[in-house]
Amino acid sequence: MSTPLSAGSAGAPWQISTRQPLRGKIALVTGGSRGIGRAIVLALAAAGADVVVNYRVSREMAEAVAACAARDGVRALPFQADVTDEAAVQRLFAMVGETFGRLDVLVNNAGVMTQFRLEEVTAAEWDRTIATNLRGVFLCCRAASALLPRGGRVINIASQLAHAGAAELTHYCASKGAVLLFTRALAREWGPRGITVNAVAPGPVLTDLTRPYADEAWIAMKTADLALGRMGTPEEVAQTVVFLCTTAAALYTGQSLNPNGGGAMM
Ligand SMILES: NC(=O)c1ccc[n+]([C@@H]2O[C@H](COP(=O)([O-])OP(=O)(O)OC[C@H]3O[C@@H](n4cnc5c(N)ncnc54)[C@H](OP(=O)(O)O)[C@@H]3O)[C@@H](O)[C@H]2O)c1
C-alpha cells in the first residue's frame, strides 16, 4: 500500500497500524473453538489483536485456533470456561485481568441451537438455550465491566432470527431477541463510559450448529427469502465484528449489524 506517508522506513508504526488496525488491543471471544467464533478469533488476530480463545469442551480445537492466530504475531490464549457458570466466568475474566490488565474487545459468541416444535421444547432445553445464549452474555459483560477501558467494544452475536423469528425455534429466537434488547440497554448504560455495545445478527451460516439440520431442503428454505440467495460464511460474519472494533465504527452503539445476505426483517 502506498500513501504520502509511505516515505517512512518499512515496518514503521503507522504501517503496522494501517495493516493491523487492532494492534495492541486485547480481545476475548467466547466459543472461539469452532465455527463463527473461530473465524472471529482469526480475523481479530489478523487485524493485530491479542486474543483469548474461550471454549467449553473443545480444548484441542481451541488450542489449534490459538496456534493459528499466533502466526499473526499476536498473543493467543485458549481458556476453558462454561459461560453459563458464574464462577467459571469469574475465573476467565480474572485470568484476563492478571495476564493483560484490561480488555478492549469482548465478543459474546458462544451459543447453542436446537430445532423443536414448541410442544417438544422441554423445560430443560429451554433453560439450556437461555442460559448459554442470554445468561452467558450477561455474566460475561458483568465480569468484563471492570476491565473495559474508555473506547472498549462489546459485540454480542445475535441472529437474523432475533429480528424475523422462525418456526420450531421459539426458544432460540427468544434468547437471541433478548440479546438484542440487552445490547440496546447496555449501550445506553455504558455509553457515558465511552464503551460501545453492538449486536451482529448473521443469517444462516454452515457450521456445527446448523449442520445437523442443513440438508438440501433446509438450505433451500433458509436461503429462499435472502436477496443474495446463499448462506454466509463464518469469515464474512467475522469481518463485520472486526469493523465494529475499528475507529471507523466509533459512532455505532446499541445497533444490530446484519450480515445476512438480505434477509427479511419483519
Ligand atoms: N451458524 C449459524 O447459522 C448462525 C446464524 C446466526 C447466529 N449464529 C450464532 O453465532 C454463534 C456461533 O455459532 P456457530 O454456528 O459458530 O456455532 P458452533 O459451530 O456450534 O460453535 C459454538 C461455539 O460455542 C461454544 N459454546 C457453546 N456452549 C458454550 C458454553 N456454555 N460456554 C462456552 N462456550 C460454549 C462452543 O464451544 P465448544 O467447542 O467447546 O463446545 C463453540 O466454540 C452462536 O451464538 C449462534 O447462535 C449462528
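Our subject is the structure listed above.
What this report covers is the structure whose coordinates are included nearby. The numbers attached to residues start from 1 for each chain and follow its sequence in the written order. Totals for whole chains, interfaces and linings use all residues, but because this is a predicted model, local features are given only for residues with pLDDT of at least 70 and pairs of side-chain atoms are given and counted only at 80 or more. Derived side-chain values reflect all non-hydrogen atoms in the structure, with water molecules and hydrogen atoms excluded from consideration.

**Focus on the overall build of the chain**
Going along the chain from the N terminus, every DSSP run of H or I of four or more residues is numbered as a helix, and every run of E of two or more is numbered as a strand. A count of helices and strands for the chain gives 9 helices and 7 strands. Radius of gyration here uses only the C-alpha atoms, and the compact-globule reference equals 2.2 Å multiplied by the residue count raised to the power 0.38. In terms of overall dimensions, the chain is globule-like: its C-alpha atoms have a radius of gyration of 18 Å, near the 18 Å expected for 266 residues. Partly exposed describes any residue whose relative accessible area lies between the buried limit of under 20% and the exposed limit of over 50%, with all areas from a 1.4 Å probe on protein chains only and scaled to the type maximum. Across the 266 residues in the chain, those meeting the buried criterion constitute 49%. A contact between two residues is defined here by any heavy atoms of the two lying within 4.5 Å. Taking contacts inside the chain between residues at least 6 apart in sequence as the whole, the part at least 24 apart equals 75%.

**Quick look at the side chain of Gln20**
Inspection of the secondary structure puts Gln20 in the loop between helix 1 (13-19) and strand 1 (26-29). In this structure the side chain of Gln20 is engaged in a polar contact, spanning 2.3 Å, whose partner is the side chain of Arg23. Polar contacts, as counted here, are pairs of nitrogen or oxygen atoms within 3.5 Å of one another; within protein the pair requires one atom able to donate a hydrogen and one able to accept it, and residues that are adjacent in sequence qualify only if both atoms are side-chain atoms. Within the structure, Gln20 has its side chain in polar contact with the backbone oxygen of Ala46 (distance 3.2 Å). If we skip the residues at most four places from it in the chain, Gln20 touches Ala45, Ala46, Ala47, Gly48 and Asp72.

**Some remarks on the pairing of strand 3 (residues 76-80)**
Here, a strand pair is defined by DSSP locating no fewer than two bridges between the strands. As defined by bridge partners, strand 2 (residues 50-55) adjoins strand 3 across 5 bridges and the pair is classed as parallel. Residue pairing in the sheet places Val52 in a bridge with Leu77 of strand 3. Where the polypeptide runs from strand 2 across helix 3 (residues 59-70) and back to strand 3, its parallel neighbour, the crossover connection is right-handed. Clockwise travel from the first strand over the helix to the second, with the strands pointing away from the viewer, marks a crossover as right-handed.

**With respect to the site of the ligand**
Consider each residue's heavy atoms; a residue with any of them within 4 Å of a molecule or strand counts as near. Close contacts around the ligand come from 32 residues, with Ser33, Val57, Ser58, Tyr172 and Thr207 the closest. One of the backbone nitrogen or oxygen atoms of Val205 is found 2.8 Å away from an oxygen atom of the ligand. Alone, the ligand offers 900 Å² of accessible surface; in the complex the protein occludes 97% of this. Among the secondary structure elements, those contributing two or more residues to the shell around the ligand are helix 2 (35-46), strand 2 and helix 7 (170-190). Only the protein chains shown count as covering a residue, and every accessible area follows the Shrake-Rupley method with a 1.4 Å probe.

**Let's talk about the side chain of Ser33**
With respect to the helices and strands, Ser33 occurs in the loop between strand 1 and helix 2. If we ignore the near neighbours within four places in the chain, the residues touching Ser33 are Arg38, Val53, Asn54, Tyr55, Ser58, Met61, Ala62 and Val65.

**Description of helix 5 (residues 123-144)**
Its 22 residues place the ends of helix 5 30 Å apart at the C-alpha level, agreeing with the 32 Å of an ideal helix rising 1.5 Å per residue. Within the sequence span of helix 5, burial applies to Glu125, Thr129, Ile130, Ala131, Thr132, Asn133, Gly136, Val137, Leu139, Cys140, Cys141 and Ala144. The inward-facing, buried residues of helix 5 contact helix 4 (86-100), strand 4 (105-108), strand 5 (153-157) and helix 7. The span expected for a helix works out to 1.5 Å for each residue beyond the first.

**A word on the packing of aromatic side chains**
Stacked, edge-to-face and tilted are the three classes for Phe, Tyr and Trp ring pairs, Trp counted by its six-membered ring, which pair at centre distances within 6.5 Å; planes under 30 degrees apart are stacked, over 60 edge-to-face, the rest tilted. Counted by the stated rule, this structure contains 1 aromatic pair. A centroid spacing of 5.4 Å and a plane angle of 85° characterise the contact between Phe243 and Tyr252, whose relative ring orientation is edge-to-face. Overall, the relative accessible area of 31% leaves Tyr252 in the partly exposed class. Here the guanidinium or amino end of Arg193 rests over the ring plane of Trp190, the centre of that ring lying 5.0 Å away. The rule is short: NZ of Lys or CZ of Arg within 6 Å of the ring centre and within 35 degrees of the ring normal puts a charge over the ring.

**Re the packing of helix 5 against helix 7**
Contact geometry of helix 5 with helix 7 gives a least axis separation of 9 Å together with a crossing angle of 15°. By the criterion of interaxial angle, the relationship of helix 5 to helix 7 is roughly parallel. Regarding helix 5 and helix 7, the two cross each other, and that crossing is right-handed. Judged by residue contacts, Glu125, Trp126, Thr129, Ile130, Asn133, Leu134, Val137, Phe138 and Cys141 of helix 5 engage Thr170, His171, Tyr172, Ala174, Ser175, Lys176, Ala178, Val179, Phe182, Leu186 and Trp190 from helix 7. What counts as an axis is a line fitted to C-alpha atoms, over the stretch in contact for a helix, and the angles between N-to-C directions run from 0 to 180 degrees. Roughly parallel means an angle under 35 degrees; roughly antiparallel, over 145; roughly perpendicular, 65 to 115; everything else is oblique. Helix crossings get a hand from a simple test, with the near helix turned counterclockwise from the far one by less than a right angle marking a left-handed crossing and a clockwise turn marking a right-handed one.

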